[in-house]
Every structure is written in C-alpha cells, then in structure tokens.
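Summary of the model geometry
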Amino acid sequence: MFGYHELKDFSAEIGEYRIKIEKEGVFYRYIRENGGRKEKNVFTDSGRLIVNPVEPVNLPKEITNFLQIRFRKPFVSEPKSTVEVYATFPIEIAVFVAAKKSVGLVDVFSMQRPKYTLYGNPREGIICRYWESDLHADVPSVDRYREGVIRLRIVNSDDEWIEISNAVFDIYGMKIFYDDEMVCSSASVNILSPKVAETRFTNKPLRDKMKKSLELYTARRISIAGVKFVMEWGL
Amino acid sequence: MIDILDYRIYQDVTVFDLIFVILVMAVATVFAKIVTTNLRRALIDKMKRDQLELMLKIIYFGIIIVAFIGVLPSLGLDLSGLLVAGGIVGIVIGFASQSVVANLVSGIFLISEKPIKIGDQISIEGVAGFVEDVNILSTIIRTYDGLYVRIPNEKVFTSSITNYVTHVARRFEYSIGIRYSDDAERAVEIIKRLIDEHPFALKNPEPQVFVDSLGDNSVNLTVRIWAPSNEWYSVKMDLLWKIKTELERNGIEIPFPQRVVWFANELRADLGEGEEKRRET
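The following refers to the structure shown. (Residues numbered from 1 in each chain as written. Chains lettered and ligands numbered in written order. Predicted model: local features only at pLDDT ≥ 70, side-chain atom pairs only at ≥ 80, totals over all residues. Heavy atoms only, no water.)

Once that is clear, we can look at the overall build of chain A. Scanning chain A from N- to C-terminus turns up one helix and 19 strands. The C-alpha radius of gyration computed for chain A amounts to 19 Å, which stays within 12% of the reference 18 Å derived for 235 residues, consistent with globular compactness. For chain A, the spread of C-alpha atoms along the principal axes amounts to about 65 × 40 × 35 Å. A buried classification covers 55% of the 235 residues belonging to chain A. A separation of at least 24 residues holds for 74% of the contacts in chain A among residues at least 6 apart in sequence. For chain A, the exposed area adds up to about 11,100 Å²; of that, 46% sits on carbon and sulfur atoms. Across chain A, the mean location of the 36 positive side-chain charges is 5 Å away from that of the 33 negative side-chain charges. (Helix = DSSP H or I, 4+ residues; strand = E, 2+ residues; numbered from the N terminus. Rg over C-alpha atoms; globule rule 2.2 N^0.38 Å. Buried < 20%, exposed > 50% of the residue type's maximum accessible area, 1.4 Å probe, protein only. Contact = heavy atoms within 4.5 Å. Areas by Shrake-Rupley, 256 points an atom, 1.4 Å probe, with all protein chains shown as cover. Lys, Arg positive; Asp, Glu negative; His and termini not counted. Charge placed at Lys NZ, Arg CZ, Asp CG, Glu CD.)

Below, the structure is given as structure tokens:
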C-alpha cells in the first residue's frame, strides 16, 4: 500500500481507513472514510499519489517537532560501551500529491491515538509526542500501519553505569524507510553524563532495498537547523 | 521663479532650502518605507515577529533621523548652538513631559527585559488578551472580544503582568462533586481514563485526580491537568463536559444542593375542610 500510485481510480484500505480518489470534472476528489468522512479537491493534470509513513508529530494538530520514546523498562548501560537495541515508534500516514517536480500534502491520518508530554520543566522544557516502548534485542514484529521499528545505538561515553529510561528526538531529522513488511528508522543515543545525552537520527534502513519515505518537513519546506538534540533534563 | 526660490524666509534660509529639506525628508521616508517593507517580506519567515518589528522600527526611524540630521544645516540650524539652547529647552520640556519620558523609559525597559512579546496572551490589571504591539510609549492589547486597548508603558512596567504563554505548559483545575452514594474510586478511574485519552492532556507532569473534601451536599473531587500553554483552554473546555457525561453514563451523578430537615414535633399540615372530611371518612 505504501508507495507511489496513479491518481486515476486510486482506492486503498489501511486498517479501519478507506482512502480513494474520484475524478470530478477538471479536478480529482480525495476522500478518506473512517466513521467520519474527509474530502479534499485536488487539481492536477498528471500527478501521482504518494502514500507513506511520516514523522509522528502532526496529529491532532502540529504543536511540536519532538518525540519522546519512554522505555517501559529502564536500560542500564555499562561504562564505555555501545549496544544496538530495537524499540518501536508510532506511525502517521501521509498522502501527498506529486506533480511538476513538487509535492503537496493532501492528508495525514493515523491508527494510533496521539498523546503528548512535557520533557523538562514547565519553564524551559519542551512539549513532545509521547510513546511507550519495550526495548528488544531483535527486530520486533509489529503492524507496519500502526508502528515502526527504530534501531537505537546506545553509546555510553561516561565512566559510570548509567540508567536511561527515555530518549527524546528532534523529529525534523528523522529518516523513515519502508518495504512490504515493516517501517523503520535508526537513531543513536550518545550518553555524555548521568543526566545528559545527545540523540540523532541516522540515515540507515534496517534492511537493504527499503524505500525512503517522503518527509513532511521537506514537503512543507521547513528549513532544518540541526538534526541532533541534547537531552539536558534527565535520562 | 528663481526670485521666489531665493526668497529668504529667515536668516540665510531660502524657499529653495525649505523645499530641499522637504524633498529630502520625503525621499528618506519613502526610502525607509521601501527598505522596511522589503526587509519584512524577506525576513518574516526567518525571525520572530516581535524581534522583526522592533528591528524594522529601528531601521525606519534611523533612516529618517539620519536624513533629518543631514538636512539641519540647510535650515540654518547649527547643532553646537542647539546644545546650549537644547539644555534649557530640555529642562522645560522635561518638566512638561514627565509622563511621556516615563513611558519612553518604561518602553525601553520593556523591550529589553521582554516580559511580554507580540502574540503573547497576557493580563495587565484586568485587561486580558493578545499583545498586538509593544511601542516605545505604549503597549497595544487586543482583548479576547476583539477590543483595542492601549496601555501606557509606565503602567505596564509598574503593574504585575500575567503572561499565560511564557511557559510551555500550564495547569488547570476542576472541582467535581459526586453523590455520597456513588463510588468515588470508580469516578476517579473514569476521569483518569478520559484524561489519558485526550492527546493534549499531558502525560507528564502527571495529572492528579483525588477526593479533596467531603462537602455538605457532595463528595468533592479535584482534577488537575497540565496542558501545552497554547492548547490549555481548548483542553479545559473539552474535558469538563466529557467528564460530566461519562460520569453520568456510568451512573455517577453530580448532585444538586440538598438538605435534610428534622422537626422536633410532628409537622401538621394545614389541610382544607373538604380534605379533613375526606380523610375522616
């Protein structure tokens, strides 16, 4: 289902959602149904529809560009060590229309219930999309329309044992990949001290030949200042 | 025509000089306007609105002031001579315009201290709304019902300012009464579930739901929820009604005030004559 589609007679079912395109005179009508109905008119001569997972910070409305993954069980990392573990992250699905070397956003929906949280204190902290995940030694099996798998490379650069129970990311640096079986991303968490870590998304799929998702911030032409985030209000 | 241009208005200042000054000032004003308009277009996406507006004002008035100082000699004004006269005039004007100066100084402090920014939601001495502009002499507020309120900067600076959106998150509170016969633990559970289902009711800081007091007519629950500052009001409006309807759907009611009255002696009702007879038969 994820991928590029011709506009003509497009129709698909994703979980409880049904999306389709109907030709109406000179324009196309995009329709998404799930109990309620959302319609949008699209005017293009020869566009294509792109459906792919995007950064999970758009629903119900865009208020932040940070994602906090809370580990259900804290992870204790030994001094001067590096380990790769797997967690999950929520999926939002975006529908783009592409024509004349440019893309426009048509719709974003999700089968996950969004939840937000505060990382840090009310004065200086940041609002984050909240997600809880277990840490797995191997790639977990998840519904690719609901969750993605993120490979976390946890590096403890400190000389002490350090417990980490969450990771906060600047989602503008997120690279999402997909194939017919899964959605994935990769990131590193570099622990600098018992209270500070640096997180950064990496541009590596979990498997070969995975397709790269079109990113929302690219479609919205948001300039990216930096892709790393310093967790300074605790691990 | 040349005679008119050479006509002396005062001292060595001719009509030509005056026209020259007016032209220069007009050109400077137009130039300042063009520069600020283009800068606004170029930087509107790249800078915060309040910082941009402040910078544009400085540039606009800077260009005009430079042009004005440049044409002062054409008006026969010697700046060195003005210093002495200006000193005396300054004292006179200073006394006459204390409030203006106070507002000006307050404005400078407000702009440098930044307790409020354009677009913030604030409350100053009973005036609540959005900050539209922070000028050098006054602050403009657009109230929630769309009124334009101009507050002198001195008043803004010396008053307590409540800024609702400086911090990223804020807390609001409900007090909800349920009947004594209802299960308070169940009510707490329902309210917590509703809060958890709302995307903008923050997970952390954790919401609090607890029995706060045993009132005359109800068991009072207190609900405390944190929400992003920009969304708190919509969350507040949304959740209260959901809590009310969900509690009622589960058989938990919010009681009306009620009072049980005990009489020392049996109460005799004043029945009508017909009613007395009917009761006797």
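Next comes the rest of the description.
Let's shift gears to the pairing of strand β14 (residues 162–170) of chain A. Residue and element names in this part refer to chain A. The buried fraction of β14 is high, at eight of nine residues. With eight bridges connecting them, strand β7 (residues 66–77) and β14 associate as antiparallel partners. Looking at β14, one finds that Ser77 is bridged to Ile162. (Pairing = 2+ DSSP bridges.)

All right, on to helix α5 (residues 98–113) of chain B then. All names here are of chain B. Across its 16 residues, α5 extends 22 Å between first and last C-alpha, which sits within 8% of the 22 Å expected from 1.5 Å per residue. Listed as buried for α5 are Asn103, Ser106, Gly107, Leu110 and Ile111. Down the axis of α5, the sector holding all buried residues measures 135 degrees, keeping them to one side. The exposed set on the far side of α5, more than 90 degrees from its buried face, consists of Gln98, Ser112 and Glu113. (Expected span 1.5 Å × (residues − 1). Arc of directions from axis to C-beta.)

This paragraph deals with the sheet that holds strand β7 (residues 161–163) of chain B. Residues and elements named next belong to chain B. Pairing within the open sheet is antiparallel, and its five strands lie in the order β6-β5-β4-β3-β7. With one partner strand each, in any of the chains shown, β6 (148–152) and β7 form the two edges of the open sheet. On average, each strand axis in the sheet is inclined to that of its neighbour by 40 degrees, with strand direction left out of account. (Axes fitted to C-alpha atoms, helices over the stretch in contact; angles between N-to-C directions.)

As a further point, take the interface of chain A and chain B. Of the residues lining the interface, 16 residues belong to chain A; the matching set on chain B comes to 17 residues. Counting each side, the surface lost to burial between chain A and chain B is near 1,500 Å², with a carbon and sulfur contribution of 62%. When residues of chain A are sorted by the area they lose upon contact with chain B, A:Lys115, A:Leu118 and A:Pro122 head the list and together hold 35% of the total. Between the two partners, chain A and chain B, sit one salt bridge. Within the residue set of the side of chain A that touches chain B, elements represented by two or more residues are β11 (116–119) and β12 (126–133) of chain A. For the side of chain A that touches chain B, a count of residues per class yields eight nonpolar, three polar and five charged. (Buried area = accessible area lost by both parts, 1.4 Å probe. Salt bridge = Lys/Arg side-chain N within 4 Å of Asp/Glu carboxyl O. Nonpolar A, V, L, I, M, F, W, Y, C, P; charged D, E, K, R; others polar.)

What follows is about the environment of B:Ala227. All names here are of chain B. Inspection of the secondary structure puts Ala227 in strand β10 (residues 219–228). On a C-alpha basis, the gap between Ala227 and Lys203 in space is 9.1 Å, while along the polypeptide they are 24 residues apart. Apart from residues lying up to four places away in sequence, Ala227 is in contact with Val168, Ala169, Arg170, Phe172, Phe200, Leu202, Trp232 and Val235.

Residue and element names in this part refer to chain B. A rise of 1.5 Å per residue sets the reference length of helix α3 (residues 49–71), with its 23 residues, at 33 Å; its end C-alpha atoms lie 33 Å apart and thus fit the reference within 8%. Within α3, burial applies to Asp50, Leu52, Glu53, Leu56, Ile63, Ile64, Ala67 and Val71. As for α3, its buried residues are in contact with α2 (15–43).

Before going further, it helps to spend a moment on unusual backbone geometry. Across the junction of A:Leu59 and A:Pro60, the peptide omega takes the value -5 degrees, indicating a cis bond. Between B:Asn204 and the following residue, B:Pro205, the backbone shows a cis peptide bond with an omega angle of 0 degrees. As for its position among the elements, B:Pro205 is in the loop between α7 (184–197) and β9 (208–214). Despite not being glycine, B:Glu125 shows a phi value in the positive range, around 45 degrees. Residue position: B:Glu125 is located in the loop between β3 (121–124) and β4 (127–134). Judged by relative accessible area, which is 54%, B:Glu125 ranks as exposed.

The subject of this paragraph is the sheet that holds strand β6 (residues 48–54) of chain A. All names here are of chain A. Strand order in the open sheet made by the four strands is β1-β6-β9-β10, with antiparallel pairing throughout. In this open sheet, the two strands that pair with only one neighbour each are β1 (3–6) and β10 (102–109). Across this sheet, the average inter-strand angle for adjacent strands is 25 degrees, counted without regard to direction. Two elements, β1 and β6, share four bridges in a ladder whose sense is antiparallel. In the strand pairing of β6, His5 is matched with Leu49.

With that settled, the discussion passes to the nonpolar core. Considering soluble globular proteins, one finds that nonpolar side chains tend to be buried as a cluster. Among the nonpolar cores identified, the biggest contains 57 residues, and A:Ile19, A:Phe89, A:Ile93, A:Leu152 and A:Val189 are the most heavily contacted of them. Leaving out residues up to four positions away in the same chain, A:Ile93 has contacts with A:Phe2, A:Ile14, A:Val51, A:Asn52, A:Pro53, A:Val54, A:Asp107, A:Val108, A:Phe109, A:Met111 and A:Tyr145. With 31 residues, the next largest nonpolar core counts A:Tyr116, B:Ile178, B:Ala187 and B:Ala227 among its residues. (Core = buried A, V, L, I, M, F, W, Y, C linked by side-chain atoms within 4.5 Å.)

Below, the discussion takes up the packing of aromatic side chains. One pair of aromatic rings is described through two measures. These are the centre distance and the angle between the planes. This structure, assessed with the given rule, holds 14 aromatic pairs over all chains. On the basis of an interplanar angle of 45 degrees and a centroid distance of 4.6 Å, the ring pair of A:Tyr17 and A:Phe109 is categorised as tilted. Of this pair, A:Tyr17 sits in strand β3 (residues 17–24) while A:Phe109 sits in strand β10, placing them 92 residues apart in sequence. The same class applies to A:Tyr17 as to A:Phe109, namely buried. When the centroid spacing of 5.4 Å and the interplanar angle of 65 degrees are considered together, the rings of B:Phe172 and B:Tyr174 count as edge-to-face. No difference in accessibility class separates B:Phe172 from B:Tyr174, as the two residues are buried. Every member of this aromatic cluster is reached through a ring pair, and the members are A:Phe66, A:Tyr119, A:Phe229 and A:Trp233. A cation sits over an aromatic face here: A:Lys23 above A:Tyr28, 4.4 Å from the ring centre. One residue, B:Arg170, lies across the ring of B:Trp232, its end atom 3.6 Å from the ring centre. (Phe/Tyr/Trp six-rings, centres within 6.5 Å; stacked < 30°, edge-to-face > 60°. Lys NZ or Arg CZ within 6 Å of the ring centre and 35° of its normal.)

All names here are of chain B. Close contact between α7 and helix α8 (residues 232–249) brings their axes to 10 Å; oriented N to C, the two are set at 140 degrees. On the basis of the axis angle, α7 is oblique to α8. Where α7 crosses over α8, the two elements pack in a sense that is right-handed. Listed contacts from α8 to Ala187, Ile190, Ile191, Arg193, Leu194 and Ile195 of α7 are Leu239, Lys242, Ile243, Glu246 and Leu247. Across the contact of α7 with α8, the residue classes break down as eight nonpolar, no polar and three charged. (Parallel < 35°, antiparallel > 145°, perpendicular 65-115°, else oblique. Left-handed = near helix turned anticlockwise from the far one by under 90°.)

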